[in-house]
Amino acid sequence: MTDVSSDYAYLAANWASVRERVDAACRAAGRDPSEVSVLPVSKTFGPEVVRAAMALGLKRFGENKVQEVRGKAEALAGEGVEWVVIGHLQTNKAKDVARLASEVQSLDRIELADALHKRLQAEGRAIDVLIEVKTSPEESKHGLPADQLPAFLDALRAYGTLRVRGLMTLAVQSDDPRAVRACFRQLRELRDAAKAQGYELPRLSMGMSGDFPLAIAEGATEVRIGTAIFGRRDVTHV
Ligand SMILES: *Cc1c(COP(=O)(O)O)cnc(C)c1O
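It should be emphasised that the depicted structure is a prediction, and the values quoted were computed from it without experimental measurement.

**Observations concerning unusual backbone geometry**
And then number 1: For T44, which is not glycine, the phi dihedral falls at a positive 75 degrees.
And then number 2: By the element assignment, T44 lies in the loop between β1 (37-40) and α3 (47-54).
And then number 3: Given a relative accessible area of 32%, T44 falls into the partly exposed group.

Right under this line is the structure:
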């Protein structure tokens, strides 16, 4: 038997360092560190790496490709991993998502809600979902246009299998921290506006390895961290 702990010692160190930096960002923002959780993003890393991360007490893992979830879920069947889908989803992937995912953070359109709901009904399951909102102008970014959020929330009432828990966004890629922070602020303001309309959306998933302190300052309840925990990904993978 190989000694997993020595092969993956860097994971424990990275994890401790990330959690420390998240806690420091919370304190700097006058927030209690217990308010902010870290979602490890394991995309591109194999099941053996996920298993090593589980040995650190991690259980939920973010993935952006359903195909990849399929492979890892099979390799780690029965080990209690909760797969969180954070990437853009095509409706033809709804069946696998309904079968394998514990949560979807990239719900951004009604056709997808419809497809997921039908498949979840067939599976007899309900899952937590976050609505991905587009807060940056980049063409490459997905997400619901912000002005459509009230109507979308209203429409989602019809889907009993989708428990809407909050909002998710990716900030603009920019060297200007004010531009990045404005994206996070917009998500928080959308949450506050929705609350005034009677929608409880306690979770704000925003912030990644390069920008999480700004997200925490704007109220993130969850940061999605890949590189800072698992290391650099193959550059050809987006
Ligand atoms: C890859 C990814 C992350 C993590 O990015 P890092 O910069 O590696 O921390 C977070 N959110 C989404 C949606 C991603 O696809």
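Anyway, onward from the coordinates.
**Looking at the site of the ligand**
And then number 1: Within the structure, the ligand sits among V41, K43, I86, L170, M208, S209, R224, I225, G226, T227 and R233.
And then number 2: Between the ligand and R224, the relevant distance is 2.8 Å, taken from a nitrogen atom to a side-chain nitrogen or oxygen of the residue.
And then number 3: R233 is positioned such that a nitrogen or oxygen atom in its side chain is 2.8 Å from an oxygen atom of the ligand.
And then number 4: Relative to its unbound accessible area of 390 Å², the ligand is 90% covered by the protein chains.
And then number 5: Broken down by class, the residue content of the shell around the ligand amounts to five nonpolar, three polar and three charged.

**Brief notes about the pairing of strand β5 (residues 127-134)**
And then number 1: Where burial is concerned, most of β5 is hidden: seven out of the eight residues are buried.
And then number 2: With three bridges connecting them, strand β4 (residues 101-107) and β5 associate as parallel partners. Within β5, the position partnered with V104 by the bridge is V129.
And then number 3: Considered for its hand, the β-α-β crossover made up of β4, helix α6 (residues 110-123) and β5 is right-handed.
And then number 4: Bridging between β5 and strand β6 (residues 144-145) involves two bridges; their strand directions are parallel.

Criteria and cut-off values
Residues numbered from 1 in each chain as written. Predicted model: local features only at pLDDT ≥ 70, side-chain atom pairs only at ≥ 80, totals over all residues. Heavy atoms only, no water. Helix = DSSP H or I, 4+ residues; strand = E, 2+ residues; numbered from the N terminus. Buried < 20%, exposed > 50% of the residue type's maximum accessible area, 1.4 Å probe, protein only. Near = heavy atom within 4 Å. Polar contact = N/O pair within 3.5 Å; in protein donor to acceptor, adjacent residues only side chain to side chain. Areas by Shrake-Rupley, 256 points an atom, 1.4 Å probe, with all protein chains shown as cover. Nonpolar A, V, L, I, M, F, W, Y, C, P; charged D, E, K, R; others polar. Pairing = 2+ DSSP bridges. Right-handed = clockwise from strand over helix to strand, strands pointing away.

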